[in-house]
Amino acid sequence: MRLIFAGTPVFASEALAALIAAGHEVALVLTRADKPAGRGQKIVPSPVKTLALEHGLRVYQPTTLRDEASRQVLAEVGADVMVVAAYGMILPQAILDLPARGCLNIHASLLPRWRGAAPIQRAIEAGDARTGITIMQMDAGLDTGPMLLDESMAIEADDNAARLHDRLAALGATLIVRALSRMAAGDLPAVPQPQAGVTYAHKILKSESPIDWTASARQIVDRIRAFDPFPGCTGSLCAGGGESGQSPAPVEQLKIWRAMLSDGAAPAGAAPGSLLTGPAGGLRVVCGDGVIELLEVQRAGGRRLAVTDWLRAAPLASGARFELVAKP
């Protein structure tokens, strides 16, 4: 088929590579503007743009799709289908109407669960056992269009957002090629999304990083997994002391990258955020319901370390604990 492809990050570049390999004619690639990245804040192209240029594809980076100039550029392509994957820009109805067979979206959840911007992270955070890819016929709503094809996969106990992202990106690439093949054969029926079970995967914010130690151990472990690699979960490590009901000044902000549920119970009267010695020199933290064992942490300006290595380099003072997050 003659395609327009719209996408920006690595998740989308996997699909673009699969479409090229399958022999589709990618006549135009839409992607977001080049952005600064890394410590030097050097301006770099998106993964999709990089791949498109490697294959000699035409790239278009509009700041909006709501003007007549953008609509005209896309209309002149005469595309059969527009494939959209994590593009990062809303497509107005005038654009959705241009391709002869419409616009297909590769969405990283089993719709209607986790419509929206961060379906991978929110599925892990919620403790879901399964997720998957849905190929959807786009309409003007937020991930509300009819479903064309889907496939599920298990969320493994040790999955973080990065590992699950990579598996879903590969599955999305496979399914979009399969969907176009079936569409060409006239064998791709559209099924309306169920009205029940709708949830929204709101954008991940840095302000969500601080860990609420009064939450359950399961909730905390799942959030740590969900927020790796971005934005990471943080705890304010505090020295001992302080009056009852008051928090001492934080010693440092510690990023917590990996943790697991602990079999041990919290001592009677231990408050959430209290630190306990773990097996083999490890470190456990009391939560609102249960205990977790920390596995990998990172000091500001440092690198990720196994907790045992970190403790050898920076032994904790007696009475140290994590400060509780202030409630709004």
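Each remark here, short or long, concerns the structure printed above.
A.B. asks: Would you take a moment to explain the overall build of the protein for this structure?
C.D. replies: Helix and strand counts for the protein stand at 8 helices and 18 strands. The principal-axis extents of the C-alpha atoms in the protein amount to approximately 70 × 45 × 35 Å. Taking all 328 residues of the protein together, 47% fall into the buried category. The contacts of the protein with a sequence gap of at least 6 include a subset with a gap of at least 24, amounting to 65%. Working note: accessible area of the protein is about 15,600 Å², and carbon and sulfur atoms make up 54% of it. For the protein, the centre of its 32 positive side-chain charges and the centre of its 32 negative side-chain charges are spaced 3 Å apart.

A.B. asks: Would you mind going over the sheet that holds strand β10 (residues 147-154) with me for this structure?
C.D. replies: The pairing of strands in a sheet comes from backbone hydrogen bonds and takes either a parallel or an antiparallel form. Strand order across the open sheet formed by 7 strands is β5-β2-β1-β6-β7-β9-β10, with mixed pairing between neighbours. Looking along the sheet, the strands with just one partner apiece sit at the ends: β5 (59-60) and β10. Together, β1 (2-7), β2 (25-30), β6 (81-85), β7 (103-107) and β9 (130-137) form the strand contacts of helix α1 (residues 10-21), whose direction differs from that of β1 by roughly 165°.

A.B. asks: Can you help me understand the layout of surface pockets in this one?
C.D. replies: The probe, sized like a water molecule, is rolled over the atoms to show the empty space still left. Reported here for the largest pocket is a volume of approximately 1,600 Å³. Taken together, 50 residues make up the lining of the largest pocket; nearest its centre are P9, A86, Y87, G88 and A117. For the lining of the largest pocket, the secondary-structure elements that each account for two or more residues are α1, β3 (35-37), β7, β8 (115-116), α5 (119-125), α6 (161-184) and β11 (200-201). Classifying every residue of the lining of the largest pocket gives 32 nonpolar, 10 polar and 8 charged. Size it by volume and the second largest pocket reaches roughly 220 Å³. Taken together, 16 residues line the second largest pocket, and the ones lying closest to its centre are A157, D158, R225, R258 and A259. At the level of elements, α7 (217-226) and β13 (250-261) are the ones that each hand at least two residues to the lining of the second largest pocket. For the lining of the second largest pocket, the leading source of residues is β13, giving 5 residues. Here the residues of the lining of the second largest pocket sort into 8 nonpolar, 1 polar and 7 charged.

A.B. asks: Looking at this structure, I do not really get the environment of L324. What am I missing?
C.D. replies: Along the chain, the position of L324 falls in the segment after β18 (321-322). Residues L324 and T214, spaced 110 residues apart in sequence, show a C-alpha to C-alpha distance of 7.7 Å. Those residues in contact with L324 that sit more than four places away from it in its chain are W213, T214 and P272.

A.B. asks: Mind showing me how you'd approach the pairing of strand β12 (residues 233-238) here?
C.D. replies: Two faces make up the sheet, and in a regular strand the side chains alternate between them. Extensive coverage of β12 is indicated by the burial of 6 of its 6 residues. Burial along β12 is two-sided: the residues C233, G235 and L237 and T234, S236 and C238 are all buried. Pairing geometry for β12 and β18, over 2 bridges, is antiparallel. Looking at the pairing, C238 lines up with R321 of β18.

A.B. asks: I would appreciate a short explanation of α7 in the present structure.
C.D. replies: Note on helix geometry: an α-helix contains 3.6 residues per turn, so any two residues three or four positions apart are oriented the same way. Taking burial as the measure, the 10 residues of α7 include 7 buried ones, the bulk of the element. When we look at burial in α7, the residues that qualify are A217, I220, V221, D222, I224, R225 and A226.

A.B. asks: Can you walk me through the packing of α1 against helix α2 (residues 47-54) in this structure?
C.D. replies: What describes two packed helices is the angle between their axes and the distance between those same axes. Relative orientation of the contacting elements α1 and α2 amounts to 25°, with a least axis distance of 8 Å. What the angle tells us is that α1 and α2 run roughly parallel. Residues V10, A12, S13, L16 and A17 of α1 touch α2, and the partners they reach there are P47, V48, L51 and A52. When grouped by side-chain class, the residues that make up the contact of α1 with α2 number 8 nonpolar, 1 polar and no charged.

A.B. asks: Mind showing me how you'd approach a nonpolar patch on the surface here?
C.D. replies: A cluster of nonpolar side chains, contributed by L142, V198 and Y200, occupies part of the molecular surface with about 250 Å² of accessible area. Among the structural elements, L142 can be located in the loop between β9 and β10. The class of L142 is partly exposed, set by a relative accessible area of 45%.

Rules behind the numbers
Residues numbered from 1 in each chain as written. Predicted model: local features only at pLDDT ≥ 70, side-chain atom pairs only at ≥ 80, totals over all residues. Heavy atoms only, no water. Helix = DSSP H or I, 4+ residues; strand = E, 2+ residues; numbered from the N terminus. Buried < 20%, exposed > 50% of the residue type's maximum accessible area, 1.4 Å probe, protein only. Contact = heavy atoms within 4.5 Å. Areas by Shrake-Rupley, 256 points an atom, 1.4 Å probe, with all protein chains shown as cover. Lys, Arg positive; Asp, Glu negative; His and termini not counted. Charge placed at Lys NZ, Arg CZ, Asp CG, Glu CD. Pairing = 2+ DSSP bridges. Axes fitted to C-alpha atoms, helices over the stretch in contact; angles between N-to-C directions. 1 Å grid on protein atoms, 1.4 Å probe; cavity = no way out; pocket = protein on both sides within 12 Å on 5 of 7 lines; lining within 4 Å. Points joined across faces, edges and corners; volume = space filled by probe spheres on them. Nonpolar A, V, L, I, M, F, W, Y, C, P; charged D, E, K, R; others polar. Parallel < 35°, antiparallel > 145°, perpendicular 65-115°, else oblique. Patch = residues over 30% accessible without salt bridge, like charges linked within 9 Å, V, L, I, M, F, W, Y side chains within 5 Å. Salt bridge = Lys/Arg side-chain N within 4 Å of Asp/Glu carboxyl O.

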